[in-house]
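Overview (structure and organization)
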Amino acid sequence: MLTREQWTEKFVEVIAHASSQLPPDVLEALKRGRDAEEPGSLAAKALDSILTNVEMAKGNWQPICQDTGTPLVWIHHPVGMSTRMLTAAFEEAVRQATAKQLLRPNAVDTLTDKNTGHGQGPGIPTVHCEEWDSPDAEVRVILKGGGCENCGAQYSLPNAKLKADRNLDGVRRCILDAIAQAQGKGCAPGIIGACFGGDRGSGFVESKRQLLRRLDDHNPVPELDTMERDVLDQGNQLGIGPMGFGGKTTVLGVKVGNLARLPASYFVSVSYMCWANRRAGARITPKGEVQWLN
Amino acid sequence: MAKLTLPCDEATIRKLKVGDFLELSGRVITGRDSAHHWLIHDFRKEVAPFLKDSVIYHVGPVVKKHEDGHYTFVAAGPTTSAREEPYQADVIGKYGLRGVIGKGGMGTKTLEGLEKYGAVYLHAVGGTAQVLAEAIKEVQQVFQLAEFGVPEALWVIRVENFPVVVTMDSHGNSLHAEVEKSSKAKLEQLLGLTS
Ligand code: SF4
C-alpha cells in the first residue's frame with residue numbers, strides 16, 4: 001500500500017504526462033487533418049504550427065499550452081481505500097506540479113479576485129473517486145483549458161429554434177449547434193464530449209468523462225456510435241477550420257454518453273475540448289508500479 | 001512569407017489584408033484583462049511609449065525568473081481576445097497602437113476602431129505555447145508585476161519571426177465574421193432550418 005506522499009508523487013507524474021505529452025490518437029487525428037487541408041492554406045499552416053508545438057512540448061517535457069486548465073481526475077481505487085486521502089493527495093499533487101511549472105497557477109479566489117498562487121482552491125482540482133474490485137488503482141487525468149471550457153453549452157429540449165425534439169435527432173441538433181456557436185474560439189479543431197439526460201450538474205460531469213475516451217474507439221451503443229460518426233462528419237462540413245480560419249478540420253472527435261433523466265427534464269450538455277486534449281492515464285499496482293494507459 | 005518590423009507606421013498597416021501570413025520582429029507589449037482596465041482608467045504615461053506604433057499581445061505567459069533576476073517566457077500562446085472587446089478600440093485610439101495579437105477574433109466595435117485608427121488584428125495559433133515562446137527572444141521590462149501578477153502584468157518583449165495571420169484588417173474586413181456567416185448558413189442547411 002502506498003502512503004499519501006507516495007500517491008502524491010504518482011499523481012504528479014500523471015499530471016506531467018498530461019501537460020506535456022499529447023496522446024497518440026490525438027496526434028494522429030491532427031496529422032490526418034493537416035493532410036486533408038489545402039497545402040499552403042491558413043488551415044494547413046495552423047495545423048503545422050500545432051504539430052511542431054506538440055513535438056517541442058513532448059521533447060522538453062514542457063506544457064503544451066500555457067493555459068494548463070482545470071485538472072479533472074477520475075480515480076478507480078481498491079475496496080476500502082480512503083477517498084479523503086486520495087483527494088488530499090491529488091490536491092497536493094496539483095500544488096507541487098504548479099511549483100514545478102508543469103501547471104500554471106490557475107486558481108483565482110472568487111471573492112477577493114486574487115490568484116491563490118499554488119494552483120489549488122475550492123473546486124480546483126475536481127476529483128472523482130469510485131471503488132472497484134481490482135487491487136490496482138486507475139488514474140485518469142484531463143487538463144481542460146479555460147478558452148474551450150467557455151465554449152460549453154447546455155440545452156433543454158424541446159428547442160423550437162433548432163427544431164430539436166426529445167429524441168436522438170434532437171440531441172444531434174444541439175451538438176451541431178454547439179460546434180457552430182463555438183466557432184474557432186475553443187482552439188479548434190476540438191473534441192466534443194456530450195451527454196443527454198441527467199440534471200444540469202451530472203450531465204456536464206458525464207460530458208467531461210466522455211473526453212477520457214480514445215478518439216478511435218467505438219461507442220458500445222450502436223445508435224450512439226452512429227450519432228458520433230454523423231456529428232463528426234457534419235461538424236466538419238461547417239467549414240470553421242483550425243482556429244476558425246476556415247477549412248475542413250473543425251472537430252477531431254465526438255463522444256456521446258447518456259444518463260437517466262426526470263420525466264420533466266431533457267438536457268443535452270456539451271463540453272468542448274481544444275485540440276490540446278491533454279489526457280493521461282495510469283494503472284498503479286499496490287506496490288506502486290505504473291503502467292501507462294492511452 | 002511577409003515580414004513586419006515593429007514599431008511600424010500607419011501606411012504599412014493599411015497595406016495589410018485579411019488572410020496575410022506575417023512574421024513579426026521587434027518590440028511588443030503584453031496585456032490582458034487587468035492591463036486593459038488599467039490602461040483605460042487613466043493615461044499611463046510610463047508605458048505609453050511602448051504602446052505607440054506597436055502591438056499589444058493578449059497572453060498570460062508562464063515566466064521563469066532566473067537567479068540573476070532576468071526573466072524568460074516558458075510558455076506563451078494567445079488568450080481569448082473577446083474579453084477585451086469593450087476596451088480595445090479605446091486603448092488603440094488612446095495610445096496609438098498599430099495592432100493586437102490574440103486568438104478568437106474580436107467584434108464590431110474593435111473592427112471599427114481598427115479602421116478608424118489604422119490598426120490590425122493578428123491571430124496567433126491558440127495553444128502553440130512552445131512555438132511562440134521560442135520566438136520571444138528577450139524580456140526587456142515589466143510593468144505592474146506586483147499589482148497584477150505574472151499572467152496579467154505588462155511585459156515588454158522582443159520577438160523574432162513571430163508567426164501570425166491577419167484576420168481583421170484596417171478596411172473593415174474580418175475573417176471571423178465571414179467564417180461565422182458561412183458556417184451558420186451551413187448549419188441551417190444541415191438542420192433543415194432554412195425557410
Ligand atoms: S483552449 Fe486554447 S489556449 Fe485554452 S488550453 Fe486549449 S489550446 Fe490552450
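Values in this document were obtained by computation on a predicted structure and should not be read as measured data.

Some remarks on the overall build of chain A
When helices and strands are tallied, chain A shows eight helices and nine strands. Based on the C-alpha atoms only, the size of chain A along its principal axes is roughly 55 × 50 × 40 Å. In chain A, which comprises 294 residues, the proportion classed as buried is 57%. If you take every contact in chain A between residues at least 6 apart in sequence, the share linking residues at least 24 apart comes to 78%. On chain A, roughly 12100 Å² of surface is accessible, and the fraction owed to carbon and sulfur atoms is 52%. Within chain A, one finds 33 positive and 34 negative side-chain charges whose respective centroids are separated by 3 Å.

As for the sheet that holds strand 6 (residues 251-258) of chain A
Residue and element names in this part refer to chain A. An order of 4-7-5-6 is seen for the four strands of this open sheet, with the pairing classed as mixed. Unpaired on one side and paired on the other, strand 4 (153-156) and strand 6 mark the two borders of the sheet. Along the sheet, successive strands turn relative to each other by an average axial angle of 15°, direction set aside. Alignment of strand 4 against strand 7 (residues 267-273), held across four bridges, turns out to be antiparallel. Residue Tyr155 lies in a different strand from strand 7, and its bridge partner there is Val268.

A word on empty space enclosed by the protein
Evaluation of the coordinates by the stated rule reveals two cavities of 30 Å³ or more. In this structure, the largest cavity spans a volume of roughly 70 Å³. Lining the largest cavity are 14 residues, and of these Phe21, His123, Val125, Pro163 and Val165 of chain B sit closest to its centre. Elements represented by at least two residues in the lining of the largest cavity include exactly helix 3 (42-60) of chain A together with strand 9 (154-168) of chain B. In the lining of the largest cavity, the residues fall into 10 nonpolar, three polar and one charged. Here the second largest cavity is characterised by a volume of approximately 30 Å³. Surrounding the second largest cavity, Gln21, Leu22, Leu27, Val54, Glu55 and Lys58 of chain A form its lining. Tallied by class, residues from the lining of the second largest cavity come to three nonpolar, one polar and two charged.

Thoughts on the layout of surface pockets
Residues and elements named next belong to chain A. Counted as a void, the second largest pocket has a volume near 420 Å³. Contributing to the lining of the second largest pocket are 21 residues, with Arg32, Leu215, Leu232, Leu252 and Gly253 lying nearest its centre. Listing elements by their share of the lining of the second largest pocket, those giving two or more residues are helix 2 (24-36), helix 8 (222-237) and strand 6. Sorting elements by how many residues they give to the lining of the second largest pocket places helix 2 first, with six residues.

Section: the pairing of strand 3 (residues 137-144) of chain A
All names here are of chain A. With seven of eight residues buried, strand 3 lies mostly within the body of the structure. Relative to strand 3, strand 1 (residues 70-77) is paired through seven bridges, and the arrangement is antiparallel. Paired with Thr70 across the two strands is Lys144, which belongs to strand 3. As judged from the seven bridges shared by strand 3 and strand 8 (residues 278-284), these two strands associate in the antiparallel manner. Considered in strand 8, the bridge of Glu138 is made with Arg283.

Digging into the domain arrangement of chain A
All names here are of chain A. Examined at the domain level, chain A breaks down into domain 1 (4-21 + 63-145 + 278-293) and domain 2 (147-273). Domain 1 and domain 2 are separated by 26 Å when their C-alpha centres are compared. At the junction of the two partners, domain 1 supplies 11 residues and domain 2 supplies 14 residues. Counting the surface domain 1 buries against domain 2, the share from its top three residues, Trp74, Lys144 and Arg279, is 56%. Our count for the contact surface shared by domain 1 and domain 2 stands at one salt bridge. Taken together, domain 1 and domain 2 are joined by four residue pairs in polar contact (both at pLDDT 80 or more). Taken together, the elements giving at least two residues each to the side of domain 1 that touches domain 2 come down to strand 1, strand 3 and strand 8.

Regarding unusual backbone geometry
Among all residues save glycine, negative phi is the norm, and among peptide bonds the norm is trans. In this structure, Pro189 of chain A follows Ala188 of chain A across a cis peptide bond, with omega equal to 0°. Locating Pro189 of chain A in the fold gives a position in the loop between helix 6 (168-182) and strand 5 (190-196). A cis amide bond links Leu6 of chain B with the next residue in sequence, Pro7 of chain B, at an omega value of -5°. With respect to the secondary-structure elements, Pro7 of chain B resides in the loop between strand 1 (2-6) and helix 1 (10-14). Even without glycine at this site, Lys163 of chain A takes up a positive phi of about 50°. Examined against the element boundaries, Lys163 of chain A turns out to sit in the loop between strand 4 and helix 6. With phi around 60°, Asp53 of chain B is a residue other than glycine that occupies positive phi space. Relative to the assigned elements, Asp53 of chain B resides in the loop between helix 3 (48-51) and strand 3 (55-57).

Re the environment of Asp53 of chain B
Residues and elements named next belong to chain B. In the structure, Asp53 is positioned 31 residues away from Glu84 in sequence and 19 Å away in space, judged by C-alpha atoms. What Asp53 contacts, discounting residues up to four positions off in sequence, is Leu6, Pro7, Cys8, Gly96, Leu97 and Arg98. A polar atom in the side chain of Asp53 sits 3.1 Å from the side chain of Arg98.

Describing the nonpolar core
The biggest cluster of nonpolar side chains holds 67 residues, and the ones touching the most others in it are Leu30, Ile50, Tyr155, Ile175, Ile192, Val268 and Trp275 of chain A. Looking at this core, you find at least three residues from each of domain 1 (4-21 + 63-145 + 278-293) and domain 2 (147-273) of chain A. Excluding its chain neighbours within four sequence positions, the residues that come into contact with Tyr155 of chain A are Leu162, Cys174, Asp177, Ala178, Tyr266, Phe267, Val268 and Val270 of chain A. Leu4, Leu24, Phe73 and Phe162 of chain B belong to the second-largest nonpolar core, a separate cluster that totals 30 residues.

Digging into the sheet that holds strand 1 of chain A
All names here are of chain A. Pairing within the open sheet is mixed, and its five strands lie in the order 2-1-3-8-9. The sheet is open, and its two edges are formed by strand 2 (126-131) and strand 9 (290-293), each paired on a single side. Each strand of the sheet is rotated relative to its neighbour by a mean of 15°, with strand direction disregarded. Against the sheet, helix 1 (residues 4-20) engages strand 1, strand 3, strand 8 and strand 9, with an angle of about 145° to strand 8. Here helix 4 (residues 83-99) sits on the sheet in contact with strand 1, strand 2 and strand 3, set at roughly 145° to strand 1.

Reading the values: the criteria
- Residues numbered from 1 in each chain as written.
- Chains lettered and ligands numbered in written order.
- Predicted model: local features only at pLDDT ≥ 70, side-chain atom pairs only at ≥ 80, totals over all residues.
- Heavy atoms only, no water.
- Helix = DSSP H or I, 4+ residues; strand = E, 2+ residues; numbered from the N terminus.
- Buried < 20%, exposed > 50% of the residue type's maximum accessible area, 1.4 Å probe, protein only.
- Contact = heavy atoms within 4.5 Å.
- Areas by Shrake-Rupley, 256 points an atom, 1.4 Å probe, with all protein chains shown as cover.
- Lys, Arg positive; Asp, Glu negative; His and termini not counted.
- Charge placed at Lys NZ, Arg CZ, Asp CG, Glu CD.
- Pairing = 2+ DSSP bridges.
- Axes fitted to C-alpha atoms, helices over the stretch in contact; angles between N-to-C directions.
- 1 Å grid on protein atoms, 1.4 Å probe; cavity = no way out; pocket = protein on both sides within 12 Å on 5 of 7 lines; lining within 4 Å.
- Points joined across faces, edges and corners; volume = space filled by probe spheres on them.
- Nonpolar A, V, L, I, M, F, W, Y, C, P; charged D, E, K, R; others polar.
- Domains from an automatic or database assignment.
- Buried area = accessible area lost by both parts, 1.4 Å probe.
- Salt bridge = Lys/Arg side-chain N within 4 Å of Asp/Glu carboxyl O.
- Polar contact = N/O pair within 3.5 Å; in protein donor to acceptor, adjacent residues only side chain to side chain.
- Core = buried A, V, L, I, M, F, W, Y, C linked by side-chain atoms within 4.5 Å.

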